[in-house]
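Working through the structure, step by step
Here are the chains, one letter per residue:
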Amino acid sequence: MTVSNSTAGTGAEVLRPHAEDAFADELKALAEADDRPRPAGWRLSPWAVSTYLLGGVLPDGGKVITPKYVGPRRIVEVAVTTLATDRALLLLGVPGTAKTWVSEHLAAAVSGDSTLLVQGTAGTPEEAIRYGWNYARLLAHGPSQEALVPSPVLRAMSEGMTARVEELTRIPADVQDSLITILSEKTLPVPELGQEVQAVRGFNLIATANDRDRGVNELSSALRRRFNTVVLPLPATPEAEVDIVSRRVDQLGRSLDLPPAPEGLEEIRRVVTVFRELRDGVSADGRTRLKSPSGTLSTAEAISVVTGGLALAAHFGDGVLRPGDVAAGILGAVVRDPAADRVAWQEYLETVVRERDGWQDFYRACREVSV
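Thresholds applied
Residues numbered from 1 in each chain as written. Predicted model: local features only at pLDDT ≥ 70, side-chain atom pairs only at ≥ 80, totals over all residues. Heavy atoms only, no water. Helix = DSSP H or I, 4+ residues; strand = E, 2+ residues; numbered from the N terminus. Rg over C-alpha atoms; globule rule 2.2 N^0.38 Å. Contact = heavy atoms within 4.5 Å. Areas by Shrake-Rupley, 256 points an atom, 1.4 Å probe, with all protein chains shown as cover. Expected span 1.5 Å × (residues − 1). Buried < 20%, exposed > 50% of the residue type's maximum accessible area, 1.4 Å probe, protein only. Arc of directions from axis to C-beta. Pairing = 2+ DSSP bridges. Axes fitted to C-alpha atoms, helices over the stretch in contact; angles between N-to-C directions.

Here the focus is the overall build of the protein. Looking only at helices and strands, the protein has 16 helices and eleven strands in total. Its C-alpha radius of gyration of 23 Å places the protein within 12% of the 21 Å reference for a compact globule of 371 residues. Considered along the principal axes of its C-alpha atoms, the protein spans approximately 70 × 50 × 45 Å. In the protein, the proportion of contacts linking residues at least 24 apart, taken out of those at least 6 apart, comes to 69%. Taken as a whole, the protein presents about 17,800 Å² of accessible surface, with 52% of it coming from carbon and sulfur.

Let us look at helix α13 (residues 299-316). Along an α-helix, residues three or four positions apart point the same way, because every turn accommodates 3.6 residues. Compared with the 26 Å implied by 1.5 Å per residue over 18 residues, the 25 Å span of α13 between its first and last C-alpha is a close match. Taken together, the buried positions of α13 are occupied by T299, E301, A302, I303, V305, V306, T307, G309, L310 and A313. Each element contacted by the buried residues of α13 is listed here: α11 (238-255), α12 (265-280) and α14 (323-334).

Let us look at helix α2 (residues 24-33). For α2, every residue scored as buried is listed here: E26, L27, A29 and L30. Viewed along the axis of α2, the buried residues span an arc of 165°, placing them on a single side of the element. α2 presents K28 and E32 as exposed residues on the side facing more than 90 degrees away from its buried surface. Where α2 is buried, its residues meet α1 (19-22), α3 (46-54), β2 (64-65) and α5 (99-111).

Taken together, five strands build an open sheet; the order of strands is β4-β7-β10-β3-β11 and the sheet is parallel. A strand with exactly one partner marks an edge of an open sheet, and here the two such strands are β4 (117-119) and β11 (227-231). Between one strand axis and the next, the sheet turns by 20° as a mean value, whatever way the strands run. Sheet analysis places strand β7 (residues 162-166) next to strand β10 (residues 204-209), joined by four bridges and oriented parallel. Paired with A163 across the bridge in β10 is L205. Helix-sheet contacts for α5 involve β3 (88-92), β7 and β10, and the interaxial angle to β7 is about 170°. In the packing of helix α7 (residues 152-159) onto the sheet, the strands contacted are β4, β7 and β10, and the crossing angle to β7 comes to about 160°.

Structure representation (structure tokens):
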């Protein structure tokens, strides 16, 4: 396992290993069993990369590959195929649709390294995408190769790896457009040195974006044309979303020494049901129209609520997930606008939850924290 300098030699485990470290055994098994053609610079074939994300059993019937993404197979196949061409990949979707998760695992499977990452924010400078300078060396000796500080994108270009840009639409528009030459010409000029860096085979870029959050900067048409866009949908059915939440909570729970998620499967179903009904604006039976809160109520937020509930159950209960353990988390996820969202939540409790068979304990727990 790779650890940072702060933990090296201490025997401490990192809280969240990179995908290539957490699933190293699966990636190794896939590489050994993979006899299909691999694009230049790829650790695995496109078939093996898809298998890594979607899960399956290796041809020899031995190693079981766990699913990293639960969703339509064709979406993953299109994403993987895009990375095998000269077009960059844009994963688009509302918050909580696993864009970052898929991006990380794609980079881990293709390049064996998911860490060449640019995190997009409103303050992301152009240097984060292009390059910067070691100013001590720059002042002492002037522009030189030794003084240049490559960005993750520049490193990926020179090493034939997969770079990642998270939350591309949060980056200012003029900084976004610094990607145009990189993606179209596969080169990055360095005028201070009178040279350019040309991408070697194996280089590509995965970006994630959503158009629902505040602070979004639309992509220019010139930049958008450089991407093949794949839209990641919300889980199609309640069962699929429960499966996703259960799997991810189980993974997180093991790293935090929490009780197994199956012990609280009923509460996971309730959390998912609440989120889906409020998100869709209608009860599951279609009889009651609901006010949708201002938040996204995404699958990622459901995972957070359940994980927090498991921690409460483990440290202040008997280890079994109960309604009282998730009620406060649900309230925090739903009520973002204290005025409008609280009204929507109270109406939902009284018109839907209160009348639902077998939900009285859940109703009482939610009422208690909502007062």
